[in-house]
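# A look at the structure
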Amino acid sequence: SQVSFEEDHQNQPAVGHWKPLMASKGSKEELETGCQDAEGVDDAQSTDQLSVSRLRSSSVEIREKGSEFLKEELHKAQKELKLKDKECERLSKVREQLERELEELTASLFEEAHKMVREANTKQASSEKQLREARGKIDMLQAEVTALKTLVITSTPSSPNWELHPQLQSPSKAVFRKGHGRNKSTSSAVVSAASQNVAPEQDSCGLKEVDSILFAEFQAWKESPTLDKSCSFLDRIYREDVGPCLDFTKQELSELVRVAVEQNTLTIEPVASQTVPVVKVSAEECSGPKKCALSGLSRTCKHRIMLGDSGNYYDISPSCRARITAVCNFFTYIRYIQQGLVRQDVELMYWEVMRLRREMSLAKLGFYPSEM
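Now for a quick tour of the structure. (Residues numbered from 1 in each chain as written. Predicted model: local features only at pLDDT ≥ 70, side-chain atom pairs only at ≥ 80, totals over all residues. Heavy atoms only, no water.)

### Here's the deal with the pairing of strand 5 (residues 313–316)
The side-chain alternation of strand 5 yields two buried faces, one formed by Tyr313 and Asp315 and the other by Tyr314 and Ile316. Direction of pairing for strand 4 (residues 303–307) relative to strand 5: antiparallel, over a ladder of four bridges. What sits directly across from Ile305, in strand 5, is Tyr314. Count of turn residues in the strand 4/strand 5 antiparallel hairpin: five residues, of which Gly308 carries a positive phi of about 65°. (Buried < 20%, exposed > 50% of the residue type's maximum accessible area, 1.4 Å probe, protein only. Helix = DSSP H or I, 4+ residues; strand = E, 2+ residues; numbered from the N terminus. Pairing = 2+ DSSP bridges.)

Given below as structure tokens:
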């Protein structure tokens, strides 16, 4: 059978193969060399296997460390992403807040701009109105100055123009102008009723002689006219005429009246022409004589005065009115001289000043026209 055949075949010796029983010296060396080579191959294989195992362990460690590093980086990236999301959200809120503030600021700026435009338009309208009023006042003042120049040049108290003032032809019928007033913008004419009443007396006074001292003081003042009372001309008149004429019983009010006359801010007007309640220094009855605010005496007060723009009125008696009017006439005339409105010879101006001084003296002594 096949099995027996295979056994017989195995038991038969192989032809061509000799196996020596004892190895020779050379073969022994070769055998040792072969053994050594086999051992070297085994060592190399074990070294390679060790290296491979080490490499595998190293790669495992590297893989583990890499995964841990990647996990850490991922965790850091997630944290940074969360922070960036929070920052983006914060910046978004800041942007929304800035947009709201910008809208509010724009609205407030537009509102403020419109308000400023409205105020500018209102101020412009007010300024234009004031400009028109000022131009009207200027035109009125220019016309008044022109009329005053014509009056001063063509008619003076010493030589009146009878054609321009026919009422002066009858001195006995001359009366004081009602509503005598002085303020900052207007002044009364130089010619007053007092000078009209005294005009006939000037013609009948006879001879007159110029006082050299008074005339020299007036000439020195005329070279450089001023309202400063420190100069010798006005200092004398203040001491001799103005001061005594305005020296009333009520000293405090007298001082205020003097200052108002000097500053040209005093107004005299009839009591009956106004309905504004009068400010009085003391109680009084509604009917009968009133108490004069300057003298303190009960008199028939037909006029009252106002100092500046205070709005306070004071009743005055005819005698006090005559004294104030005389001083006002003097200051009006020297103001005209200072402004260059009086074009006369120096001597004629001097005599007019002396006449006004005489009026102050007479008023101080209690002489005044019955029409006062």
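More follows now that the structure is in view.
### Observations concerning a nonpolar patch on the surface
There is a patch of nonpolar side chains on the surface, built from Leu102, Leu105 and Leu109 and spanning about 300 Å² of accessible area. Here Leu102 lies in helix 2 (residues 25–154). The exposure class assigned to Leu102 is exposed, which follows from its relative accessible area of 53%. (Patch = residues over 30% accessible without salt bridge, like charges linked within 9 Å, V, L, I, M, F, W, Y side chains within 5 Å. Areas by Shrake-Rupley, 256 points an atom, 1.4 Å probe, with all protein chains shown as cover. Salt bridge = Lys/Arg side-chain N within 4 Å of Asp/Glu carboxyl O.)

### Concerning the sheet that holds strand 4
With antiparallel pairing, three strands are arranged side by side in an open sheet as 1-4-5. Single-partner strands in this sheet number two, and they are strand 1 (266–270) and strand 5. Averaged over neighbouring strand pairs, the angle between their axes works out to 30° when direction is ignored. Alignment of strand 1 against strand 4, held across five bridges, turns out to be antiparallel. If you follow Glu269 over to strand 4, its bridge partner there is Arg304. In the packing of helix 6 (residues 251–262) onto the sheet, contacts are made with strand 1, strand 4 and strand 5, and the angle to strand 4 comes to roughly 75°. (Axes fitted to C-alpha atoms, helices over the stretch in contact; angles between N-to-C directions. Contact = heavy atoms within 4.5 Å.)

### Overview of the pairing of strand 1
Strand 1 sits mainly inside the fold: five of its five residues count as buried. The side-chain alternation of strand 1 yields two buried faces, one formed by Leu266, Ile268 and Pro270 and the other by Thr267 and Glu269.

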